[in-house]
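What follows is each chain in one-letter form.
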Amino acid sequence: MQHAAFQKEVYQIVKQIPAGKVTTYGQIAYMLGRPKNSRLVGQAMRLTPSDAKIPSHRVVGANGRLVPGWHTQYELLRAEGVPFTPGGNVQLKRCFWQG
């Protein structure tokens, strides 16, 4: 699969994540039938065009980790009611979306 086609499929999944829910890079890779390609999902997310209206803030790392240095991600998720641990990770058990 070409990288551009893979990116498009990633974005199609991310657009489906409802407000107040999150999923992980690994879950997206699994949903695409490429469970070992979570890093490629991360790469696709880093390349998301800012004008694409893709809720990329709803994609987190395994264990609910947020993107380092992207402070707006926390604010956006908090505004949607996503719960966090005292350590700042998303409480995946309460808001994990599997598609």
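Quantities reported herein were computed from a predicted structural model and do not represent experimental measurements.

**Describing the overall build of the protein chain**
Part 1: When you go through the protein chain residue by residue, the secondary structure sums to 5 helices and 2 strands.
Part 2: In the protein chain, the order of α-helices and β-strands from amino to carboxyl end is α-β-α-α-β-α-α.
Part 3: The C-alpha radius of gyration of the protein chain comes to 13 Å, within 12% of the 13 Å expected for a compact globule of 99 residues.
Part 4: Principal axes of the C-alpha set define a box for the protein chain whose edges measure 40 × 25 × 25 Å.

**Considerations on helix α3 (residues 38–46)**
Part 1: Of all the positions in α3, only Val 41, Gly 42, Ala 44 and Met 45 are classed as buried. Looking straight down α3, one finds that the buried residues subtend no more than 160° of arc, so they occupy a single side. Pointing more than 90 degrees away from the buried face of α3 are the exposed residues Arg 39 and Arg 46.
Part 2: Turning to α3, the residues buried within the fold contact α1 (3–14), α2 (25–31) and β2 (59–60).

**A short note on the nonpolar core**
Part 1: Residues Val 10, Val 14, Ile 28, Val 41 and Met 45 are the most contacted members of the largest nonpolar core, which totals 15 residues.
Part 2: For this core, the elements supplying multiple residues, two or more each, are α1, α2 and α3.
Part 3: When neighbours within four sequence positions are excluded, Val 10 is seen to be in contact with Ile 28, Leu 32, Val 41, Ala 44 and Met 45.
Part 4: Counting residues in hydrophobic clusters, the runner-up holds 8 residues, among them Val 82, Phe 84, Val 90 and Leu 92.

**A few points about the side chain of Thr 48**
Part 1: Note that Thr 48 resides in the loop between α3 and β2.
Part 2: Apart from the residues lying within four places of it in its own chain, the contact partners of Thr 48 are Tyr 11 and Ile 54.

**Re the packing of aromatic side chains**
Part 1: Taken as a whole and assessed by the stated rule, the structure comprises 1 aromatic pair.
Part 2: Between the aromatic rings of Tyr 74 and Phe 84, the centroid separation amounts to 4.6 Å while the plane-to-plane angle is 50°, which identifies the pairing as tilted. Taken as a pair, Tyr 74 in helix α4 (residues 71–79) and Phe 84 in the loop between α4 and α5 (92–95) lie far apart in primary sequence, 10 residues in all.
Part 3: A relative accessible area of 30% places Tyr 74 in the partly exposed class.

Here is what the cut-offs are and how they apply
Residues numbered from 1 in each chain as written. Predicted model: local features only at pLDDT ≥ 70, side-chain atom pairs only at ≥ 80, totals over all residues. Heavy atoms only, no water. Helix = DSSP H or I, 4+ residues; strand = E, 2+ residues; numbered from the N terminus. Rg over C-alpha atoms; globule rule 2.2 N^0.38 Å. Buried < 20%, exposed > 50% of the residue type's maximum accessible area, 1.4 Å probe, protein only. Arc of directions from axis to C-beta. Contact = heavy atoms within 4.5 Å. Core = buried A, V, L, I, M, F, W, Y, C linked by side-chain atoms within 4.5 Å. Phe/Tyr/Trp six-rings, centres within 6.5 Å; stacked < 30°, edge-to-face > 60°.

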